[in-house]
Amino acid sequence: MSKAVISILGPDRPGIIAAVTRILFEQACNIENVSQTILQSEFSGIFIVAIPQGLDIRVLHGHLYDGLSPLNLHVFVKRLGTEAGPGFDVRNSEPFVITTKGPDRKGLVAAITEIIARYGANVTNLQAVFKGGDDPADNIMIYEVDIPNDIDAGALYGDLRGKAAELSLDISIQHRKIFEAINRI
Amino acid sequence: MLTDREILSTLEMLQNEHLDVRTVTLGINLLDCASHDLNRLKDNIYNKISTLAGSLVSVCERVGEKYGIPVVNKRISVSPIAVVAGPFSSSQMIAIAHTLNKAAEDVGVDFIGGFTALVEKGIAKSDRALIDAIPEALAETERVCASVNVASTRAGINMDAVYLMGRKIKRAASLSAKRDGIACAKLCVFANIPQDIPFMAGAYLGIGEADAVINVGVSGPGVVKKAVERALEANPHMDLGRISELIKRTAYKVTRVGELIGREVADQLDIRFGVADLSLAPTPNVGDSVGEIFQSLGLLSIGVPGTTAALALINDAVKKGGAFASSHVGGLSGSFVPVSEDLNISQAAADGHLTIEKLEAITSVCSVGLDMVAIPGDTSDDTIAAIIADEMAIGVINKKTTATRLIPVPGKKAGDSAYFGGLLGQSVIMPVNNARGTNAFIRLGGRIPAPIQSLTN
């Protein structure tokens, strides 16, 4: 049985997930993973489904397109590849949380992620809120990052702190365990 | 996936509410250093401390950096020197204090505790030599801390030792007169001393402990205060049962930090993790004060009527939350009320809201006791000993730890200011009842018997 990745994007409203999953059910697809979020008024969802033999991926796309276009939703479907990408070795890394607060300006995410990428660290989750203005509490980026054990962590921290200072951002870099220890039983 | 709320509330505690690990204290057993030769003993002590604690500071800093939690103090506690240095005289004990000081200096810790004698039932020759050495040892060194356990619930109160300590405190003050008697700030007199305190000046490593152990002192009065303020702002009619629950949850969070850091430091040093000491320990900074919590709870100041009840609530909630957060809890585990080390408490004393008698009363519901209390320099030996005796009685009868850290400030009188500097802070000198008088009761000496353990009213 092959798998497909389906991405849905459009204005949020009640019934989006019901509409998507009804079509998937009608096409005998089995949902394996779902993640969805709402940013401001936009819904975005990503589904990984197992598709039955004989169901062409273009046909599946057609059913989704027909059912979801009336809701102003965009649909993207692709086969889940078995090809190995460059990948990331989670076992040889440690999870950290990088948080920045500071005045909003263009290019903040690009500036920080350029450094993270340069050191081969992998962003596993990013939450960012930019309400504009100079109140640091209104402009926050939270990156969950897997940092490889074999890189020069001191140099990474140094570069991040240097860039943060340049951008007038307060930056914190902490192992994820501290947040779990404090907040979870 | 962590929620943004979890991350931001944690950062708030760290950045604005002074959440930190107050101390990581490496306990080192020195019993295998024993020798009849003083130089050999000193060499053994120095070598053992240097070997075990050589990387303590750097490891604490590395772990602190990893989690973004500062480890404010790195310290060492050792086996009671009165036991380690059994055969030696008072002057030789002073030489050992210098060795401890040198070792502490060389490994980069600010205090080393364990210049200690345990005399609750009787004073052995080596105990007497150590107690006699305390004034010089503390006045001539910067980092050595001393403690003497003069009472316990099982043994009663050794009044000979209590009286002796009254005299030694006065002498220690006079030897450090130029610095307002600072030697006394490094000396605690205890009832029921725990074997695993990480906090100074009372830290020592008990005889029943392992060769080396990491004990952690957590803190966080600022975190508790902010939590109470936020809750009362959101709901001004929140009752005390719910406030207790809130403090309990907050203490849980604070303790988890200490437990995590302590275990990681212990792992990296390949030393066993001992205990987390769940104490609210203030520093002389605004927002890092135990006294401010009382005001957040609606009291005019620490010391006014209602203080004992409020402290009972705070202390109990801290213990409940902390005990759930850590698998091994020990040390003092309670709220500290050190007068000079807490700006707000010091101010309460200056404003006349807080007296020595009220401090003594609140000791019945919290640790530790009359802590960092500056008193007139001409307070008599008898009266100092009598204050100690009263404090010990509270501990012995209530089966808890109590202690005194009294500083008779040479040449100064009640209402004057004493300045100790750094974490030791500054304070008004508190008036003492019958300060210069004699006390025939104290001079009777002997041992007040251990209390009955039934008929508990």
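Calculation notes
Residues numbered from 1 in each chain as written. Chains lettered and ligands numbered in written order. Predicted model: local features only at pLDDT ≥ 70, side-chain atom pairs only at ≥ 80, totals over all residues. Helix = DSSP H or I, 4+ residues; strand = E, 2+ residues; numbered from the N terminus. Rg over C-alpha atoms; globule rule 2.2 N^0.38 Å. Buried ≥ 20, exposed ≤ 12 C-beta atoms within 10 Å, placed from the backbone. Contact = placed C-beta atoms within 7 Å. Domains from an automatic or database assignment. Nonpolar A, V, L, I, M, F, W, Y, C, P; charged D, E, K, R; others polar. Core = buried A, V, L, I, M, F, W, Y, C linked by C-beta atoms within 7 Å. Pairing = 2+ DSSP bridges. Axes fitted to C-alpha atoms, helices over the stretch in contact; angles between N-to-C directions. Expected span 1.5 Å × (residues − 1). Arc of directions from axis to C-beta. Bend = angle between axes of the 7 residues up to and from the residue. Left-handed = near helix turned anticlockwise from the far one by under 90°. Parallel < 35°, antiparallel > 145°, perpendicular 65-115°, else oblique.

### Some details on the overall build of chain B
A count of helices and strands for chain B gives 15 helices and 13 strands. Compactness check: chain B gives a C-alpha radius of gyration of 21 Å against a globular reference of 23 Å for 457 residues, within 12% of the reference. With respect to the principal axes defined by its C-alpha atoms, chain B has extents near 60 × 50 × 45 Å. Across the 457 residues in chain B, those meeting the buried criterion constitute 60%. Excluding contacts between residues fewer than 6 apart, the proportion of contacts in chain B whose partners are at least 24 apart in sequence is 81%.

### So, the overall build of chain A
Along the backbone of chain A there are 5 helices and 8 strands. Here the C-alpha atoms of chain A give a radius of gyration of 20 Å, more than 25% beyond the 16 Å that 2.2 N^0.38 yields for 185 residues. If you line up chain A on its principal axes, its C-alpha atoms span 55 × 40 × 35 Å. For chain A, the residues scored as buried account for 24% of the 185 residues in total. Considering only contacts in chain A between residues 6 or more positions apart, those separated by 24 or more positions represent 72%.

### Some thoughts on the domain arrangement of chain A
Taken domain by domain, chain A consists of domain 1 (2-79) and domain 2 (90-183). Taking only C-alpha atoms into account, the centre of domain 1 of chain A sits 32 Å from that of domain 2 of chain A.

### Here we look at the interface of chain B and chain A
In this complex, chain B contributes 15 residues to the contact, which on the side of chain A involves 17 residues. Residue assignment for the side of chain B that touches chain A shows that the elements contributing at least two residues are helix H1 (4-16), helix H3 (56-67) and helix H9 (240-269) of chain B. If you tally residues by element for the side of chain B that touches chain A, the top one is H1(B), at 5 residues. Classifying every residue of the side of chain B that touches chain A gives 8 nonpolar, 2 polar and 5 charged.

### Overview of the nonpolar core
In terms of nonpolar packing, the biggest core is built from 187 residues, with B:Met93, B:Val150, B:Val162, B:Val257, B:Ile261 and B:Val373 touching the most fellow members. Top contributing element to this core by residue count: H9(B), with 11 residues. Those residues in contact with B:Ile261 that lie beyond four places of it in its chain are B:Val21, B:Val24, B:Val63, B:Tyr67, B:Ile69, B:Val71 and B:Val216. Counting 13 residues, the second-largest nonpolar core is a separate cluster that includes A:Leu24, A:Cys29, A:Ile51 and A:Leu64.

### Observations regarding the sheet that holds strand E6 (residues 122-130) of chain A
All names here are of chain A. Spatially, 4 strands are ordered E6-E7-E5-E8 in an open sheet, and the strand pairing comes out antiparallel. A single partner strand is all that each edge strand has here, and the edge strands are E6 and strand E8 (170-175). Across this sheet, the average inter-strand angle for adjacent strands is 15°, counted without regard to direction. Sheet topology note: the strand E5 (residues 93-101)/E8 ladder contains 6 bridges and is antiparallel. Each residue of the ladder has a partner; that of Lys-101, found in E8, is Asp-170. Set on the sheet, helix H3 (residues 108-118) makes contact with E5, E6 and strand E7 (139-148); between it and E7 the angle comes to about 10°. Packing of helix H4 (residues 153-166) onto the sheet brings it into contact with E5, E7 and E8, and relative to E8 it is tilted by some 155°.

### Examining H3(B)
All names here are of chain B. Here H3 spans 17 Å end to end across 12 residues, near enough to the 16 Å set by a 1.5 Å rise per residue. Every buried residue belonging to H3 is among Leu-56, Val-59, Cys-60, Val-63, Gly-64 and Tyr-67, and all of these are buried. Axial view of H3: buried residues confined to an arc of 135°, hence all on one face. Gly-68 lies just past H3 and shows a positive phi near 70°.

### Focus on the environment of B:Leu56
Residues and elements named next belong to chain B. Looking at the secondary structure, you find Leu-56 in helix H3. Judged by the 25 C-beta atoms lying within 10 Å of it, Leu-56 falls in the buried class. The spacing of Leu-56 and Leu-269 is 213 residues in sequence and 7.5 Å in space, taken between C-alpha atoms. Once residues lying within four places of it in the same chain are set aside, the contact partners of Leu-56 are Leu-26, Lys-74, Val-107, Val-109 and Leu-269.

### So, helix H6 (residues 125-140) of chain B
Residues and elements named next belong to chain B. Look at H6: 23 Å from first C-alpha to last across 16 residues, which is about the 22 Å you get at 1.5 Å a residue. Largest kink in H6: about 45°, centred on Ile-134, with the proline Pro-135 one to four residues after it. Every buried residue of H6 is accounted for by Ser-126, Asp-127, Ala-129, Leu-130, Ile-131, Ala-133, Ile-134, Pro-135, Ala-137, Leu-138 and Ala-139. Buried residues belonging to H6 abut helix H4 (81-84), helix H5 (90-107), strand E3 (112-118), strand E4 (144-152), helix H7 (159-175) and strand E6 (187-191).

### Quick notes on the sheet that holds strand E1 (residues 2-11) of chain A
Strand pairing in a sheet relies on backbone hydrogen bonds. The paired strands run either parallel or antiparallel. All names here are of chain A. Judged by pairing direction, the sheet is antiparallel, and its 4 strands sit side by side in the order E2-E3-E1-E4 without closing on themselves. Each having just a single partner strand, strand E2 (30-39) and strand E4 (74-79) make up the two edges of the open sheet. Across this sheet, the average inter-strand angle for adjacent strands is 15°, counted without regard to direction. Sheet analysis places E2 next to strand E3 (residues 42-51), joined by 9 bridges and oriented antiparallel.

### A word on the packing of helix H8 (residues 221-234) of chain B against H9(B)
Residue and element names in this part refer to chain B. Following both chains from N to C, one finds H8 and H9 inclined at 145°, their axes separated by 10 Å at the closest point. For the crossing formed where H8 meets H9, the hand is right-handed. Taking contact as the criterion, the partners of Val-223, Val-224, Ala-227, Val-228 and Ala-231 in H8 are, on H9, Ile-243, Leu-246, Ile-247, Thr-250 and Val-254. Its residues assigned to classes, the contact of H8 with H9 comprises 9 nonpolar, 1 polar and no charged.

### Considerations on the packing of H3(A) against H4(A)
Residue and element names in this part refer to chain A. Running from amino to carboxyl end, H3 crosses H4 at an angle of 170°, the nearest separation of the two axes being 10 Å. Taken as axis vectors, H3 and H4 run roughly antiparallel relative to one another. Every pair of crossing elements has a handedness; the one defined by H3 and H4 is right-handed. Of the residues in H4, those in contact with Ala-111, Ile-112 and Ile-115 of H3 are Asp-159, Leu-160 and Lys-163. For the contact of H3 with H4, the per-class residue count stands at 4 nonpolar, no polar and 2 charged.

### Description of the environment of B:Cys188
Residue and element names in this part refer to chain B. Here Cys-188 is to be found in strand E6. Taking the number of C-beta atoms within 10 Å as the measure of exposure, Cys-188 has 28 and is therefore buried. Separated by 133 residues in the primary sequence, Cys-188 and Gly-321 have C-alpha atoms spaced 28 Å apart. Look past the residues within four positions of Cys-188 in its chain and what remains in contact with it is Ser-147, Ala-201, Gly-202, Ala-403 and Arg-405.

### A few points about unusual backbone geometry
With glycine set apart, most residues show a phi of negative sign, and most peptide bonds adopt trans. All names here are of chain B. The omega torsion of the bond from Met-200 to Ala-201 falls at 15°, within 30 degrees of zero and hence cis. Summarising the element assignment, Ala-201 is placed in the loop between E6 and strand E7 (212-218). A positive phi angle, close to 55°, is found at Asn-434, a residue other than glycine. Looking at the element boundaries, Asn-434 is found in the loop between strand E12 (426-428) and helix H15 (440-443). Asn-434 gets classed as exposed once you count the C-beta atoms within 10 Å, which come to 12.

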